[in-house]
Amino acid sequence: MNPRILIVDDEPVAVKNLAYALRKNGYDVTTRESGTGGLEALQQQAFELVLTDLRMERVDGMAILKRALEIDPDIPVVLITAHGTLDSAVEAMKAGAFHYVAKPFRLDEVRSIVAKALELVQLKRENRSLRQQVSSGLHTDTGLVTQNPAMNRLLATARQVAETSTTVLISGESGTGKELLARYIHAHSRRSKGAFIGVNCGSLQEDLLANELFGHEKGAYTGATDSRAGLIEAANGGTLFLDEIGEMSLTMQVKLLRVVQEREVQRLGAQSAVPVDVRLITATHRDLRAEVAAGRFRQDLYFRLDVIGLHLPPLAERHEDIPLLAFYFLRKHALRMGREVDNIDPAAVSLLMGYHYPGNVRELENLIERGVALARGKTLTVAELPMALAEHGIHAMPEESGNLPTLAQREEDYIRYVLERSDGNRTKAAQILGIDRVSLWRKLKKYGLAEGEEA
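Since the model is a prediction, treat every value here as computed from it, not as a measurement. (Residues numbered from 1 in each chain as written. Predicted model: local features only at pLDDT ≥ 70, side-chain atom pairs only at ≥ 80, totals over all residues. Heavy atoms only, no water.)

Participant: Just to check I follow, could you spell out the overall build of the protein for this structure?
Facilitator: When helices and strands are tallied, the protein shows 19 helices and 16 strands. Residues classed as buried in the protein amount to 46% of the 455 residues present. Sequence separation of at least 24 residues holds for 69% of the intrachain contacts in the protein that already meet a minimum separation of 6. By element, 49% of the accessible surface of the protein is carried by carbon and sulfur atoms, the whole surface being about 22,400 Å². (Helix = DSSP H or I, 4+ residues; strand = E, 2+ residues; numbered from the N terminus. Buried < 20%, exposed > 50% of the residue type's maximum accessible area, 1.4 Å probe, protein only. Contact = heavy atoms within 4.5 Å. Areas by Shrake-Rupley, 256 points an atom, 1.4 Å probe, with all protein chains shown as cover.)

Given below as structure tokens:
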């Protein structure tokens, strides 16, 4: 459905010109030639944007603004005035107007402001929808958060595999959530009431890993003053998750192969083995086929582990998941820290969407956790994100619809960035930009950023 716009102006020529220009851009336009008619239209149907003259008899533009915001606090209202002074603009902004244009206006200017206003309101509504999805828990099953089609297919396969006791090998870059997927499989299996035990094979030396996994008998080595069951026995009836299996030594691979083949475990120093019923899930960021070819991983063990292979894509291939994950982590860490941060500014979401995340989901979580800790209000803004991330957003030069951004788009992005870093202080921002305050005001007005009073 095309965005619905209400135009209210007591000058018929102005109404006609605006309506014609906006309809050419594909908008669904409703017009009224009095403030009273504008109020009636607001009561009769919903609009995505309101363009209203400021000075009208009986019911003026400020009354239209107030009523529009009462109906929908997110609706952008653009005021048109022949008295386009800074004072009237500031008064309108304080009352909640998105922007203003002065008569005689240029149609290109109006089109630009309308497009930016509609984009902003769309981002606000998407943010609210994301918060509601996270709050409802619809996408937070065992911590896996996604709306990506490929990821949803992967989870469907994982649920199907969970019903069996087949070994599963999860591959993917570091930080993609391989342990979360393992826990997801366990939670959807018949073993869900049993233990889920995870071990990182790359974090322990060979002797320590052997002791942790297999346990030991009293006197098995110096200091073994009593017998202790290993993690394999502890996971009996449940799931054992071996992360970074590619880091396991060849000697340990032989011992693990026996457990997989014989379904039994022998403690260090023991004379006999103990039968175990364990679901084995392993994970690695390495290419195990290449490791086998290089002689660093046993082929027989690889074939035993890779009965079902699941690959987790990097976050860069799940672009639509970034805002949903961001709001999920915002809620998670705000609750943990006792902070009342419940929103992310659209400019910050845009910056997060433009980053490539070499550290994947883990890196995004770290960014949001940092932002929650530093947030000065209820909304996480660009100012709470690392400087390097903001600089990346400025220099990345993303292409949109196959086209490089214009110089004006780059200038707007940089002005937004400097304003955020200056805490909205326009005098300081102008100094950083190397221009005077009047020039900065003109640019803010040009890009629809001229909200509030000059600082």
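Participant: What exactly am I supposed to notice about unusual backbone geometry here?
Facilitator: If a residue is not glycine, its phi is most likely negative; likewise, a peptide bond is most likely trans. One non-glycine residue with positive phi stands out, namely arginine 263, at about 55°. By the secondary structure assignment, arginine 263 is in the loop between α10 (250-262) and β11 (264-265). On the basis of relative accessibility, which here comes to 38%, the residue arginine 263 falls in the partly exposed class. For asparagine 360, which is not glycine, the phi dihedral falls at a positive 60°. The topology assignment puts asparagine 360 in helix α15 (residues 360-374).

Participant: Got a minute to help me understand the sheet that holds strand β13 (residues 279-284) in this structure?
Facilitator: In spatial order, the strands read β7-β10-β13-β6-β14; together these five strands make up an open sheet with parallel pairing. Looking at the sheet topology across the chains shown, the edges are occupied by β7 (196-200) and β14 (308-311). For this sheet the average axis-to-axis angle between neighbouring strands, irrespective of direction, equals 20°. Judged from the five bridges that link them, β7 and strand β10 (residues 239-243) form a sheet pairing that is parallel. From the neighbouring strand, isoleucine 197 faces β10, where its bridge partner is leucine 240. (Pairing = 2+ DSSP bridges. Axes fitted to C-alpha atoms, helices over the stretch in contact; angles between N-to-C directions.)

Participant: Got a minute to help me understand the packing of helix α13 (residues 321-337) against α15 in this structure?
Facilitator: When two helices pack together, their arrangement is given by the angle between the helix axes and by the axis-to-axis distance. Closest axis-to-axis distance for the α13/α15 pair is 9 Å, and the angle between their directions is 50°. Put simply, α13 runs oblique to α15. Crossing of α13 against α15: the hand is right-handed. When α13 is examined against α15, the residues Ile322, Leu325, Ala326, Phe329, Leu330, Lys332, His333, Ala334, Arg336 and Met337 are found in contact with a partner set consisting of Val361, Leu364, Glu365, Ile368, Glu369, Val372 and Ala373. Residues that form the contact of α13 with α15 fall into these classes: twelve nonpolar, one polar and four charged. (Parallel < 35°, antiparallel > 145°, perpendicular 65-115°, else oblique. Left-handed = near helix turned anticlockwise from the far one by under 90°. Nonpolar A, V, L, I, M, F, W, Y, C, P; charged D, E, K, R; others polar.)

Participant: In this structure, what is going on with the pattern of salt bridges? I would like to understand it.
Facilitator: Pairing between side chains becomes possible if they bear opposite charge and their charged atoms approach one another. The tally for this structure, following the rule as stated, stands at 17 salt bridges. Notably, a salt bridge pairs glutamate 291 with arginine 296, separated by 3.0 Å at the nearest N-O pair. A residue is classified by how much of its surface remains accessible, and glutamate 291, at 10% relative accessible area, is buried. Residue classification places arginine 296 among the partly exposed residues on the basis of a relative accessible area of 46%. The salt bridge involving glutamate 369 is made with arginine 336; its shortest N-O contact spans 2.7 Å. On the criterion of sequence distance, the pair formed by glutamate 369 in helix α15 and arginine 336 in helix α13 is long-range, its members being 33 residues apart. (Salt bridge = Lys/Arg side-chain N within 4 Å of Asp/Glu carboxyl O.)

Participant: Hey, could you run me through the packing of helix α2 (residues 35-44) against helix α3 (residues 61-71) in this one?
Facilitator: Running from N to C, α2 and α3 point in directions that differ by 5°, and their axes come no closer than 10 Å. The orientation of α2 with respect to α3, classified from their angle, is roughly parallel. Packed against α2, whose contacting residues are Gly35, Gly38, Leu39, Leu42 and Gln43, the element α3 presents Ala63, Ile64, Arg67, Ala68 and Ile71 at the interface. Looking at the contact of α2 with α3 residue by residue, the classes come out as six nonpolar, three polar and one charged.

Participant: Would you mind showing me how to read the environment of asparagine 148 here?
Facilitator: Inspection of the secondary structure assignment puts asparagine 148 in the loop between α5 (107-136) and α6 (149-162). According to the relative accessible area criterion, asparagine 148 is buried, its value standing at 5%.

Participant: I would appreciate a short explanation of the sheet that holds strand β2 (residues 28-32) in the present structure.
Facilitator: Sheet strands pair by backbone hydrogen bonding; their relative direction is either parallel or antiparallel. Read across the sheet, five strands follow the order β2-β1-β3-β4-β5 without closing on themselves; strand pairing throughout is parallel. In this open sheet, the two strands that pair with only one neighbour each are β2 and β5 (99-102). Mean inter-strand twist for the sheet, computed between neighbouring axes without regard to direction, equals 20°. Here strand β3 (residues 49-53) runs beside strand β4 (residues 77-81); their pairing, made up of four bridges, is parallel. Residue pairing for β4: threonine 52 is matched across the bridge by leucine 79.

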